[in-house]
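As a plain string of letters, each chain reads:
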Amino acid sequence: MIKSLVVLALIGSVSLVRAEEIKNPLIKTLQEKGYLTQEEAIKIEKQMKKEIKKELKKHINVINEKSPEFLLGKETHPNLKIRPFDNPDMWIKLGIRIQGTFENYKKDYADPAKSDINTWDAYLRRTRFEVSAAFSKHVSFTMDIRNDKANYQDKGEQHFNVGDAYLKIKKPFKKYGSLINFKFYRGKIDVSRTETVKSAWVIHYDRPHVADEAAQFISHNRRATNAQMYGNWKKKIHYQIAFGDAVYSGKFKDATSYKDLKSQGGKIIEQDYFYGGKIFISPFKGWEETKRTETYFGKGKHFEVGVGYWKVPKIKYQDPSSNKHEIDRTLINYEMSAHYKGFFIQAEYFDFDGVIKDWITNEVGKSKGWYATAEYVMPDFYYIAPFYRYEKWDRWDGNGDYTLKSNIVGINWYLRGNTTKIGLSYQSDDYGVNIGDYKVKRLKLTTQWFF
């Protein structure tokens, strides 16, 4: 009977109930004619509302019901999800991501003959429109249009471009469940945990310098067109293997000046596909990692360790003096992350092989670096979360001072999880004698609006 009433109510008009008053016309008529008692009518109407709400949530939703209750309400899912009534296996997601920064930037040279810089800057760190569409139960497409660092320093308004743009085939083989999935086109390869985590879920908007280098070392923006297979076994063992388009001359930099080959007048002549993979495990029962994120809001626990190996077998390039060279590149990445309730820690180590010392000598060598990040979320204190990050990167493994050291201390206030948050941070970067011999200090006020 309740099901019939639900269907009739969906066809007719359904009003909100106030206290014990019956508002649905059909139920009210049945109650007035004596077919239902007042108590039965109230009970049926309440049940009907639950059924309607449950049905509608299947077709359009944005609120994450599992989210804690923040000062401004529950966190949203990534994007608003809409399903058609005639085929619920198909859906579309729409969303936005805006990260704003107000910053004081200081650059102090060790050489007194050079002029120091002290500037106040305001820019949109990330501005993105996100859209996803499912063609069936197993196949979907995800992409975003972005304009990052608009008005950053003297770069002006920048231009929109495509970020992610990948076709996902999820669980195509029922027998294997989550173990086998595929992505094609512009999907991230897991060269670094923090680079793989969605930027809306990272603790600090600017990722470590050494991780940003890893994002360009094997494949442009770690998502140049590729094909990948990935999956997990009971959330205990996760893997990804991939191959695809490799490096871009506009992000192909030397260790000394850190200037890219394209801007210096050189170019990449030819190169092979990159290939490689990543595996990480959660060895302890009850401590499985269920998603790649840096923000947990004081809930649950996880522990994982992993290693990745990525290779570009051949890169032929022409240097600024028109000389031709051939190199290969290898990146090995080690990661560890864990959280227990409010405490989170993450660390990664990077080993680069195939680094160009400078565009004059074109000497090839190695580089290595690491970082560690920690945050403590205080749910009982309005989800305010202090954090700290330390980084050390030897851009050239050899004689001389090629070391970059970075310290960041800050505090985030999760007003509505990652949907709405505010941050304040202070960053100090120290560049060695052979890579500029200067210090950079940044004081930042950051904000994020995301769903």
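Only a predicted model underlies this, so the values are computations on that prediction, with no experimental measurement involved. (Residues numbered from 1 in each chain as written. Predicted model: local features only at pLDDT ≥ 70, side-chain atom pairs only at ≥ 80, totals over all residues. Heavy atoms only, no water.)

1. Let's talk about the overall build of the protein chain
Line of reasoning, step 1. In terms of helices and strands, the protein chain carries five helices and 21 strands.
Line of reasoning, step 2. Summarising its shape, the C-alpha atoms of the protein chain cover approximately 95 × 45 × 45 Å along the three principal directions.
Line of reasoning, step 3. Restricting the contact set of the protein chain to residue pairs at least 6 apart, pairs at least 24 apart contribute 59%.
Line of reasoning, step 4. For the protein chain, the computed accessible surface area is about 22900 Å², with 58% contributed by carbon and sulfur atoms.
Line of reasoning, step 5. Each charge class in the protein chain can be summarised by its mean position, and for the 75 positive and 56 negative side chains these summaries are 6 Å apart. (Helix = DSSP H or I, 4+ residues; strand = E, 2+ residues; numbered from the N terminus. Contact = heavy atoms within 4.5 Å. Areas by Shrake-Rupley, 256 points an atom, 1.4 Å probe, with all protein chains shown as cover. Lys, Arg positive; Asp, Glu negative; His and termini not counted. Charge placed at Lys NZ, Arg CZ, Asp CG, Glu CD.)

2. Focus on the packing of aromatic side chains
When we look at a pair of aromatic rings, we describe it by the centre distance and by the angle of the planes.
Line of reasoning, step 1. This model, assessed by the stated rule, comprises 23 aromatic pairs.
Line of reasoning, step 2. Ring centres of tyrosine 334 and tyrosine 349 lie 6.2 Å apart, and the angle between their planes is 45 degrees; this geometry places the pair in the tilted category. On the criterion of sequence distance, the pair formed by tyrosine 334 in strand β15 (residues 324-340) and tyrosine 349 in strand β16 (residues 343-356) is long-range, its members being 15 residues apart.
Line of reasoning, step 3. Given the relative accessible area of 30%, tyrosine 349 is considered partly exposed. (Phe/Tyr/Trp six-rings, centres within 6.5 Å; stacked < 30°, edge-to-face > 60°. Buried < 20%, exposed > 50% of the residue type's maximum accessible area, 1.4 Å probe, protein only.)

3. Focus on the environment of tyrosine 275
Line of reasoning, step 1. Considering the arrangement of structural elements, one finds tyrosine 275 in strand β13 (residues 274-281).
Line of reasoning, step 2. Expressed as a C-alpha distance, the spacing of tyrosine 275 and aspartate 89, which sit 186 residues apart in the sequence, is 33 Å.
Line of reasoning, step 3. If we skip the residues at most four places from it in the chain, tyrosine 275 touches Ala242, Phe243, Tyr309, Trp310, Lys311 and Pro313.

4. With respect to the pairing of strand β18 (residues 384-394)
Line of reasoning, step 1. In terms of strand pairing, strand β17 (residues 364-376) meets β18 through eight bridges, oriented antiparallel. If you follow alanine 372 over to β18, its bridge partner there is tyrosine 390.
Line of reasoning, step 2. Sheet analysis places β18 next to strand β19 (residues 403-414), joined by 11 bridges and oriented antiparallel. Bridge pairing in β19 places phenylalanine 387 opposite glycine 410. (Pairing = 2+ DSSP bridges.)

5. Points about the pattern of salt bridges
Line of reasoning, step 1. Enumeration according to the criterion identifies 24 salt bridges in this entry.
Line of reasoning, step 2. Close ionic contact of arginine 222 with glutamate 195 constitutes a salt bridge, the shortest N to O distance being 3.4 Å. Taken together, the residues arginine 222 in the loop between α5 (209-217) and β10 (226-233) and glutamate 195 in helix α4 (residues 193-196) connect sequence positions 27 residues apart. Taken individually, arginine 222 and glutamate 195 each receive the classification buried, so the pair is uniform in this respect.
Line of reasoning, step 3. A salt bridge links aspartate 272 to lysine 314; the nearest nitrogen and oxygen atoms lie 3.9 Å apart. Taken together, the residues span a long stretch of sequence, with aspartate 272 in the loop between β12 (267-271) and β13 and lysine 314 in strand β14 (residues 301-318) at a distance of 42 residues.
Line of reasoning, step 4. Aspartate 272 gets classed as partly exposed once you look at its relative accessible area, which sits at 30%. (Salt bridge = Lys/Arg side-chain N within 4 Å of Asp/Glu carboxyl O.)

6. Regarding the pairing of β14
Line of reasoning, step 1. Where β12 lies against β14, four bridges are found, and the strand directions are antiparallel. Within β14, the residue paired with lysine 267 across the bridge is glutamine 318.
Line of reasoning, step 2. Where β13 and β14 come together, seven bridges link them in antiparallel fashion. Opposite tyrosine 275, over in β14, you have lysine 311 as the bridge partner.
Line of reasoning, step 3. Here β14 pairs with β15 via 16 bridges, running antiparallel. By the bridge assignment, tyrosine 309 is partnered in β15 with isoleucine 332.

7. A short note on the nonpolar core
Line of reasoning, step 1. Ranked by internal contacts, the top residues of the largest apolar core, which has 35 residues, are Ile218, Phe252, Phe274, Trp310, Leu331, Phe350 and Phe352.
Line of reasoning, step 2. Ranked by size, the runner-up nonpolar core spans eight residues in total, among them Ile27, Leu30, Ile42 and Met48. (Core = buried A, V, L, I, M, F, W, Y, C linked by side-chain atoms within 4.5 Å.)

8. Considerations on unusual backbone geometry
Line of reasoning, step 1. Of note in this structure, lysine 234 is not a glycine but carries a positive phi near 55 degrees.
Line of reasoning, step 2. You will see that aspartate 437, though not glycine, has its phi angle at about 55 degrees, which is positive.
Line of reasoning, step 3. Along the chain, the position of aspartate 437 falls in the loop between β20 (420-431) and β21 (438-450).
Line of reasoning, step 4. Overall, aspartate 437 belongs to the partly exposed group, its relative accessible area being 30%.

9. Description of the environment of phenylalanine 381
Line of reasoning, step 1. Considering the arrangement of structural elements, one finds phenylalanine 381 in the loop between β17 and β18.
Line of reasoning, step 2. Judged by its relative accessible area of 47%, phenylalanine 381 is partly exposed.
Line of reasoning, step 3. Along the primary structure phenylalanine 381 and tyrosine 438 are separated by 57 residues, whereas in three dimensions their C-alpha atoms are 39 Å apart.

10. Overview of the side chain of arginine 442
Line of reasoning, step 1. Structurally, arginine 442 can be placed in strand β21.
Line of reasoning, step 2. Buried charge without a salt bridge: arginine 442, with aspartate 206 as the nearest opposite-charge side chain at an N-O distance of 4.1 Å.
Line of reasoning, step 3. If near-sequence neighbours (up to four positions away) are discounted, arginine 442 is found in contact with Glu103, Asn104, Tyr105, Tyr152, Asp206, Ser425, Tyr426 and Gln427.

11. Some words on α5
Line of reasoning, step 1. Burial of α5 is extensive: seven of the nine residues sit out of reach of the surface.
Line of reasoning, step 2. Every buried residue of α5 is listed here: Val210, Ala211, Glu213, Ala214, Ala215, Gln216 and Phe217.

12. Things to note about the environment of lysine 175
Line of reasoning, step 1. Turning to its location among the elements, lysine 175 is positioned in the loop between β8 (161-169) and β9 (181-186).
Line of reasoning, step 2. Considered as a pair, lysine 175 and glycine 432 are 257 residues apart in the sequence and their alpha carbons are 54 Å apart.

13. Describing the confidence of the model for the protein chain
Line of reasoning, step 1. Residues of the protein chain with pLDDT of at least 70 account for 94%, and the chain-wide mean is 92.
Line of reasoning, step 2. Note that residues 1-19 has pLDDT below 50 and, in this model, 28 contacts with residues that lie over four places away or in other chains. (pLDDT = per-residue confidence, 0-100.)

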